[in-house]
Amino acid sequence: MDSDINLESLREKALSACQESFARYRKISTMNTEKVLDAFRDARLSDFHFHGTTGYGYNDAGREKLDEVYATVFRAPAALVRPHFVSGTHTLATVLLSLLHKGDELVSVVGTPYDTMQSVIGIKGNAPGNLTSLGVIYKEVPTCEGKYILDEIKRSIGPNTKVALIQRSRGYSSRKSLFIEDIKKIIKTIKEKNPMTICFVDNCYGEFTEILEPYEVGADLVAGSLIKNPGGGLAPTGGYIVGREDLVRLAANQMTAPGLENEMGSYTPGYRLYFQGLFLAPHIVSQAMMGADFAAEMFSCLGFDVDPVAGELRSDLIQLIHLRTEENMCRFCEGLQAYSPVDGYVRPIPGELPGYTDPVIMACGAFCQGASIELSADGPIRSPYTVYLQGGLVFEHSLLALMGAARTLTENETNHNES
Ligand SMILES: *Cc1c(COP(=O)(O)O)cnc(C)c1O
């Protein structure tokens, strides 16, 4: 069987079909790199800002400089960037807990939020201290065929709506990710109805995929994870919040303790990886988008439905590939895992995960545990047997790993047909 030869020619075909979108990503990356570079220059960043501190971390120059640079890059008046945030969820939860009190209303305006946020809100489970248990009223605006509905959003916002949660990326849902232009329209609609409603954007997976960020189109607060896009694959942990000064201060008091604000918190290893990661982030994001595009081309050539389709504009790093069978999902993940720089010898198998009803399979061989800015794929074992592919620090790696996945997939199909 000459499946290898076929795959090689498919690869060339897919690569040439991607050239237009690759050029687009290069352009976006250059503009965002300029944004980051300008922020570093304006902040007069120097090598001594990389040094860590101990104990309380008063006057930690690196921490303060990192806040300053993030605020500039995201065009916001204030920022709170901390390795002390254990994850994106922790960062987002800190914001929500700082803003919402008994009787306040929270509206998720683009369908059900990300899985872990459902526990924070209390849609799922009954974790102590979730928003619902604190007396926060939660509402959700459903999407229609994957699209947000402005009329419904408008109807959902009332005089008591304290916070509107806007999730930029699709996460692991079937709805479409939001473009900055969509976020702008949604915020405008909300503010027309109630100018006091705080528009809070979950920016996870969206940073640097376009040339504007949510604060520039009217968001009050924006937050995300540092082991995704803005960490550039180097930041070892943490999260960031940018936005209105009064609201960032509330979040800082929630994160530390009332009265401590943003003036404490040491980080002994130092901040070099945070600055350097942010410096690389626009390029890394372009590399990941190239990988996603190549995957869309390659696997649709192989006969699978993909979303976004090849060449479609992107506003996050997630690529869905509908693989149709459990066996295909396992083969795909096995092939991808074999091309991981870390744990390449491990064979992924479906397993139970807390909070998921179906077994989940996952290919991930990252330098930084769980960092989904690094190449990874996962999905629940259920129809239509979709893998969610994301990240990829280096396009060359994505190319090799996706070819590996394609090979494992087709080889086994051939064997299967022959047996
Ligand atoms: C990743 C992600 C989060 C936070 O997830 P963590 O794993 O806690 O960092 C929240 N929302 C969206 C849309 C995400 O993609």
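One can find the structure itself at the top, above this paragraph.
Note that the structure is predicted; figures quoted are calculated from it, not measured. (Residues numbered from 1 in each chain as written. Predicted model: local features only at pLDDT ≥ 70, side-chain atom pairs only at ≥ 80, totals over all residues. Heavy atoms only, no water.)

K.L.:
So what's going on with the packing of helix 4 (residues 88-99) against helix 8 (residues 245-255)? Residues and values would help.
P.N.:
Direction vectors running N to C along helix 4 and helix 8 enclose 105°, while the axes themselves pass 8 Å from each other. Relative to helix 8, helix 4 is oriented roughly perpendicular. Here Thr94, Val95, Leu97, Ser98 and Leu99 of helix 4 lie close against helix 8, whose contacting residues are Leu247, Leu250, Ala251, Gln254 and Met255. Each residue belonging to the contact of helix 4 with helix 8 can be placed in one class, and the counts come to 7 nonpolar, 3 polar and no charged. (Axes fitted to C-alpha atoms, helices over the stretch in contact; angles between N-to-C directions. Helix = DSSP H or I, 4+ residues; strand = E, 2+ residues; numbered from the N terminus. Parallel < 35°, antiparallel > 145°, perpendicular 65-115°, else oblique. Contact = heavy atoms within 4.5 Å. Nonpolar A, V, L, I, M, F, W, Y, C, P; charged D, E, K, R; others polar.)

K.L.:
Before we move on, can you summarise the site of the ligand with the specific residues and values?
P.N.:
Close contacts around the ligand come from Ser87, Gly88, Thr89, Leu92, Tyr114, Gln167, Asp202, Cys204, Tyr205 and Lys228, and that covers them all. Thr89 is positioned such that a nitrogen or oxygen atom in its side chain is 2.5 Å from an oxygen atom of the ligand. One of the side-chain N or O atoms of Asp202 is found 2.6 Å from a nitrogen atom in the ligand. Tallying contributions element by element places helix 4 first for the shell around the ligand, with 3 residues. Residues belonging to the shell around the ligand are distributed by class as follows: 4 nonpolar, 4 polar and 2 charged. (Near = heavy atom within 4 Å. Polar contact = N/O pair within 3.5 Å; in protein donor to acceptor, adjacent residues only side chain to side chain.)

K.L.:
Before we move on, can you summarise the pattern of salt bridges with the specific residues and values?
P.N.:
With the rule as written, the count across this model stands at 24 salt bridges. As a salt-bridge pair, Glu8 and Arg11 come within 3.9 Å of each other at their nearest N and O atoms. Linking Glu8 with Arg11, this pair stays in helix 1 (residues 3-17), spanning 3 residues, or about one helical turn. Arg11 sits in the partly exposed class, given a relative accessible area of 21%. In this structure, Asp358 and Arg382 form a salt bridge, with 2.7 Å as the shortest nitrogen-oxygen distance. (Salt bridge = Lys/Arg side-chain N within 4 Å of Asp/Glu carboxyl O. Buried < 20%, exposed > 50% of the residue type's maximum accessible area, 1.4 Å probe, protein only.)

K.L.:
Explain the state of the cysteines to me, and be specific about the residues and the numbers.
P.N.:
Tallying each qualifying case throughout the model produces 0 disulfides. Not engaged in a disulfide, the cysteine Cys364 finds its nearest cysteine sulfur in Cys368; these two sulfurs lie 9.6 Å apart. (Disulfide = S-S within 2.5 Å.)

K.L.:
Can you break down helix 7 (residues 180-193) residue by residue, with the values?
P.N.:
Taking 1.5 Å of rise per residue, the 14 residues of helix 7 would be expected to cover 20 Å, and the 20 Å separating its terminal C-alpha atoms lies within 8% of that figure. For helix 7, the complete set of buried residues consists of Ile180, Asp182, Ile183, Ile186, Ile187, Thr189 and Ile190. Looking at the buried residues of helix 7, the elements they touch are helix 6 (150-156), strand 4 (161-167) and strand 5 (198-202). (Expected span 1.5 Å × (residues − 1).)

Bear in mind that shape data such as this cannot, by itself, settle questions of function.
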